[in-house]
Amino acid sequence: LQGIEQKKGIVKEEIPPYKTGIVNLTGEDWTAISANNEKIEKDTVVKIVRIEGVKLVVRPINKQEAEEEEVIIYDKNCSNNTYSSNTEYKLRKSN
């Protein structure tokens, strides 16, 4: 599990302040909580800060990280047109 720290995933179910949501990380859904207890919207790209028990602690990536890095998303169940089943996508945050 330590190997997933600092990796990036995408929020699949909104993370409310002080509550959990769902983050997809390389095709697997994980329960996650915000590192700063802030609301994180669905489809936000996040970085894994640490693991607490069976929960990921995440933070949204900042604009510089989004511009510099590609994020690989493996999404099996996404319902919107951005992703499709079992396909690798490279996601870049735009300005």
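For clarity, every value in this text was computed on a predicted model and none was experimentally measured.

Participant: How would you explain the pattern of salt bridges if you had to name every residue and give the values?
Facilitator: If you walk through the whole model with that rule in mind, you get three salt bridges. Lys39 serves as the salt-bridge partner of Glu41, at 3.3 Å between the closest nitrogen and oxygen. Measuring nitrogen to oxygen at the nearest pair gives 3.0 Å for the salt bridge that ties Glu52 to Arg50. Residue classification places Glu52 among the partly exposed positions, given a relative accessible area of 38%. One network of salt bridges, with partners in common, ties together Glu14, Lys39 and Glu41.

Participant: Account for the nonpolar core, with residues named and values stated.
Facilitator: Membership of the largest hydrophobic core is limited to twelve residues, which are Ile4, Val11, Ile15, Val23, Leu25, Trp30, Ala32, Ile40, Val46, Ile48, Leu56 and Val58. Within the residue set of this core, elements represented by two or more residues are β2 (20-25), β3 (28-34), β4 (45-52) and β5 (55-60). Discounting residues that sit within four places of it in the chain, Ile4 has contacts with Leu25, Trp30, Ile48, Ile51 and Leu56.

Participant: So what's going on with the sheet that holds strand β1 (residues 8-13)? Which residues, and what values?
Facilitator: Read around the barrel, five strands follow the order β1-β2-β3-β5-β4 and close on themselves; strand pairing throughout is mixed. On average, adjacent strands in this sheet sit at an angle of 55° to one another, irrespective of strand direction. Looking at chain direction, β3 and β5 are connected through three bridges and run parallel. Bridged to Ile33 within β5 is Val57.

Participant: Explain the pairing of β2 to me, using residue names and the numbers behind them.
Facilitator: As a general feature of sheets, a regular strand has side chains that alternate between the two faces. In terms of strand pairing, β1 meets β2 through three bridges, oriented antiparallel. Bridge pairing in β2 places Glu13 opposite Ile22. Hairpin connection between β1 and β2: a loop of six residues separates the two successive antiparallel strands, and Tyr18 in this loop has a positive phi of roughly 65°. Relative to β3, β2 is paired through six bridges, and the arrangement is antiparallel. Directly across from Leu25, in β3, lies its bridge partner Glu28. Linking β2 back to β3 in an antiparallel pair, the connection comprises two residues, with Thr26 at a positive phi of about 45°.

Cut-offs and rules
- Residues numbered from 1 in each chain as written.
- Predicted model: local features only at pLDDT ≥ 70, side-chain atom pairs only at ≥ 80, totals over all residues.
- Heavy atoms only, no water.
- Salt bridge = Lys/Arg side-chain N within 4 Å of Asp/Glu carboxyl O.
- Buried < 20%, exposed > 50% of the residue type's maximum accessible area, 1.4 Å probe, protein only.
- Core = buried A, V, L, I, M, F, W, Y, C linked by side-chain atoms within 4.5 Å.
- Helix = DSSP H or I, 4+ residues; strand = E, 2+ residues; numbered from the N terminus.
- Contact = heavy atoms within 4.5 Å.
- Pairing = 2+ DSSP bridges.
- Axes fitted to C-alpha atoms, helices over the stretch in contact; angles between N-to-C directions.

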